[in-house]
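Take a look at the letters that make up each chain.
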Amino acid sequence: MGPLRAAAARGLRRGGGGGRGAAPAAPAALEGSKGSAARGGRPAPPAALHLFGDPAEVEALRGSLLAWYDECKRDLPWRALAVTEPDVNRRAYAVWVSEIMLQQTQVATVIDYYNRWMQKWPTLQALAEASLEEVNELWAGLGYYSRGKRLQEAARKVVSELAGQMPRTAEDLQKLLPGVGRYTAGAIASISYGQATGVVDGNVIRVLCRMRCIGADSSSPPVIDRLWAMANALVDRSRPGDFNQALMELGATVCTPKAPLCGECPVKQHCRARLRVEKELALASQKLLGKLPVVPDVEDCGVGGCPLCPPAAEPWDSSLGVTNFPRKAAKKQPRVEQTATCVLERRGRRGALEYLIVQRPSSGLLAGLWEFPSVPLAPGLQQEQQREVLVDHLQAWTGQPVAAGSLRFIGEVVHVFSHIHQTYVVYSLSLDGDVTLDLASSPSRWVTEEEFRASAVSTAMKKVLRACERQHGEESGPAKGSKRKRGAKPGAAGSTRPGTQLSLRTFLRAPNPP
Ligand code: SF4
């Protein structure tokens, strides 16, 4: 195994450090870009430093990159289907599914989901007939659940409105299919149809910014526009799909976010970031030898106020080398939220423990997924106030009084969504009977642990259940240091002893503690 293949075999994310891309610009942002020179007036032509202006160099770059890809590309199931599937609609569908799954998700994670998905729904028609519940069940754990939902909606549209025929160009794919943005359209069209159109994802941004010393905020419109123009100009006319995949593969396995393997890079001779580094090193060694009095600053492109150069306030940092590029936008902090969650459990007819889960609304975060009864908490509430909020929620849900002391505090479970830092304040409650629930707004059902894991539940809820099971395990085992952070102790007044169940009567009638 050569060094390049070894790098590929490490199974780095397709996107480098953050899903598809350690993405200086998130795929969603790229998908949302409609292309764009139309914004504002006509931009000034970029300086030569930022251009691929020499046709001979472009040809050489294409050749080197494709030769490397042919030798080093990872064997991935969607790549095999894109080559072997003779039916063009099936081929486009196979690529489409992979592209949607790979957004913000590691290649290694996607492979298993992809194989199961294609086995269950090998065609658009099969997917169009599936229920959202089935889609969510298969997607459970992959995150960003709206992706699966929109994929299915788009499949239904192709079947019902387009006679089962996938749109045949990137422009039509983007225009006609919900959830298909500029990047996904370009990927499907180039890989499945051989359309000579470029793609820009987090990996491509990184590689191109380094190759052409683009140090301005890589999520800004002028930079994104320039990168799309560059990708469209560079793409190999005879092998566009392979070229696009090669560029992304290079970013995922060689030109990585933090530790690029420049010495092994097949396009290093075309990389101006690397050239800068080499020049700096040469000047530094000359200075050490007393041949030059001063090491000059690394020059920018020479155009004052260039929208592609690093801002004057953030000059080149020699210690970063090529990773000076690209420059990321300041990351938006996720908002902090808290939710009170209650794991309601009972012994089922065959003695197995069962949990009550309710379905979330069909739109919004985690749409249509199942969860333990939960209620958002206002910031700054004390523990008892949080408990009361949960009690109120359960009472409204059951239409019966609920004793606050019957809820057993389990702990806090943190789950970070893309834009929300969510803390679940987890309680449990054991029942020895059923409760009559208001099903009008929240469908609910009892499930065994096995059924819970096979249901369309989020990773966060799986963490909640694990915390609950861990707590039960600690309480039923020999006394060890508890990781409980706060709240009622087992056996304390109003709490449920381990292994005992609260009667439905007690659950509904016990008076609230003072
Ligand atoms: Fe990336 Fe280094 Fe290759 Fe330039 S030489 S493209 S920085 S890996």
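In the block above lies the structure referred to throughout.
Chemist: So, the overall build of the chain: which residues are in play, and what are the values?
Modeler: Helix and strand counts for the chain come out as 19 helices and 7 strands. Counting the 514 residues in the chain, one finds 50% classified as buried. At a minimum sequence separation of 6, the contacts of the chain that also span at least 24 residues come to 71%. For the chain, the accessible surface area stands at approximately 23,600 Å², while carbon and sulfur atoms represent 54% of it.

Chemist: Before we move on, could you go through the packing of aromatic side chains and cite the residues and values that matter?
Modeler: The full count for this structure, using the stated rule, is 7 aromatic pairs. With a centroid separation of 5.6 Å and 80° between ring planes, the pair formed by Trp117 and Trp139 is classed as edge-to-face. Placement of the pair is Trp117 in helix H6 (residues 107–120) and Trp139 in helix H8 (residues 132–139), with a sequence separation of 22 residues. In terms of burial, Trp117 and Trp139 fall into one category: buried. When the centroid spacing of 5.7 Å and the interplanar angle of 50° are considered together, the rings of Trp316 and Phe325 count as tilted. Put simply, the rings of Trp117, Trp121 and Trp139 pair up and form one aromatic cluster.

Chemist: A description of the pattern of salt bridges should follow, citing residues and the corresponding values.
Modeler: Evaluated as defined, the whole model comprises 18 salt bridges. A salt bridge links Glu371 to Arg360, with the shortest nitrogen-to-oxygen separation between them at 3.0 Å. With a gap of 11 residues between them, Glu371 in strand E3 (residues 370–371) and Arg360 in the loop between strand E2 (353–359) and E3 connect regions that are remote in the sequence. Put simply, Glu384 and Arg387 hold a salt bridge, and the shortest N to O gap is 3.8 Å. Of this pair, Glu384 and Arg387 both sit in helix H16 (residues 383–398), 3 residues apart, roughly one helical turn. In this structure, a network of salt bridges that share partners links the residues Asp70, Arg239 and Asp242.

Chemist: Before we move on, could you go through the packing of helix H5 (residues 88–102) against helix H11 (residues 182–193) and cite the residues and values that matter?
Modeler: Contact geometry of H5 with H11 gives a least axis separation of 9 Å together with a crossing angle of 140°. Our classification of the angle between H5 and H11 gives oblique. Note on packing geometry: the crossing formed by H5 with H11 is right-handed. Residues Val88, Arg91, Ala92, Val95, Trp96, Glu99 and Ile100 of H5 form the contact with H11, whose own contacting residues are Tyr183, Thr184, Ala187, Ile188, Ile191, Ser192 and Tyr193. Here the contact of H5 with H11 is built from residues that sort into 10 nonpolar, 2 polar and 2 charged.

Chemist: Would you mind going over the site of the ligand in detail, with residue names and values included?
Modeler: The full set of residues close to the ligand is Arg210, Met211, Cys255, Cys262, Cys265, Lys268, Cys271, Arg274 and Val322. Because more than half of its atoms lie within 2 Å of the grid, the ligand is assigned to the largest cavity. Residues belonging to the shell around the ligand are distributed by class as follows: 6 nonpolar, no polar and 3 charged.

Chemist: Provide a residue-level description of H16, including the pertinent values.
Modeler: Taking 1.5 Å of rise per residue, 16 residues should cover 22 Å, and H16 covers 23 Å from first to last C-alpha, within 8% of that figure. Those residues of H16 not exposed but buried are Gln383, Gln386, Arg387, Leu390, Val391, Leu394, Trp397 and Thr398. Summarising the axial view, the buried residues of H16 lie within an arc of 140°, below the 170-degree limit, and thus occupy one face. Where the residues of H16 are buried, they touch strand E1 (335–347), E2, strand E4 (374–377), strand E5 (408–416), strand E6 (420–431) and strand E7 (444–448). The first or second residue beyond H16 is Gly399, which carries a positive phi of 75°.

Chemist: Which residues make up the environment of Thr459, and what values do they have?
Modeler: The residue Thr459 is located in helix H18 (residues 459–476) in this model. Accessibility expressed as a relative area gives 29% for Thr459, which makes it partly exposed. As a C-alpha pair, Thr459 and Leu142 span 317 residues in sequence and 8.3 Å in three-dimensional space. For Thr459, the contacting residues outside a window of four places in its chain are Gly141, Tyr145 and His415.

Chemist: I'd like to hear about the nonpolar core, residue by residue, with values.
Modeler: Ranked by size, the top nonpolar core spans 112 residues in total, and within it Tyr93, Trp96, Met101, Trp117, Met166, Leu173 and Phe372 carry the most contacts. Here the element with the most residues in this core is H5; it accounts for 9 residues. Excluding its chain neighbours within four sequence positions, the residues that come into contact with Trp96 are Leu124, Leu151, Ala154, Ala155, Met166, Leu177, Val180, Thr184 and Ile188. Listed in part, the 20 residues of the second largest apolar core include Ala404, Leu407, Val425 and Trp446.

Chemist: How would you explain empty space enclosed by the protein if you had to name every residue and give the values?
Modeler: Over the atoms rolls a probe the size of a water molecule, and its path tells where empty space is left. In total, this model carries 3 cavities of 30 Å³ or more according to the counting rule given. As a volume, the largest cavity reaches approximately 110 Å³. Around the largest cavity, the lining is made up of 15 residues, and of these Arg210, Cys255, Cys262, Cys265 and Cys271 lie nearest the centre. It is helix H12 (residues 202–211) that contributes the most residues to the lining of the largest cavity, 3 residues altogether. Residue composition of the lining of the largest cavity, grouped by class: 12 nonpolar, no polar and 3 charged.

Definitions and limits used
Residues numbered from 1 in each chain as written. Predicted model: local features only at pLDDT ≥ 70, side-chain atom pairs only at ≥ 80, totals over all residues. Heavy atoms only, no water. Helix = DSSP H or I, 4+ residues; strand = E, 2+ residues; numbered from the N terminus. Buried < 20%, exposed > 50% of the residue type's maximum accessible area, 1.4 Å probe, protein only. Contact = heavy atoms within 4.5 Å. Areas by Shrake-Rupley, 256 points an atom, 1.4 Å probe, with all protein chains shown as cover. Phe/Tyr/Trp six-rings, centres within 6.5 Å; stacked < 30°, edge-to-face > 60°. Salt bridge = Lys/Arg side-chain N within 4 Å of Asp/Glu carboxyl O. Axes fitted to C-alpha atoms, helices over the stretch in contact; angles between N-to-C directions. Parallel < 35°, antiparallel > 145°, perpendicular 65-115°, else oblique. Left-handed = near helix turned anticlockwise from the far one by under 90°. Nonpolar A, V, L, I, M, F, W, Y, C, P; charged D, E, K, R; others polar. Near = heavy atom within 4 Å. 1 Å grid on protein atoms, 1.4 Å probe; cavity = no way out; pocket = protein on both sides within 12 Å on 5 of 7 lines; lining within 4 Å. Sits in = over half its atoms within 2 Å of the grid points. Expected span 1.5 Å × (residues − 1). Arc of directions from axis to C-beta. Core = buried A, V, L, I, M, F, W, Y, C linked by side-chain atoms within 4.5 Å. Points joined across faces, edges and corners; volume = space filled by probe spheres on them.

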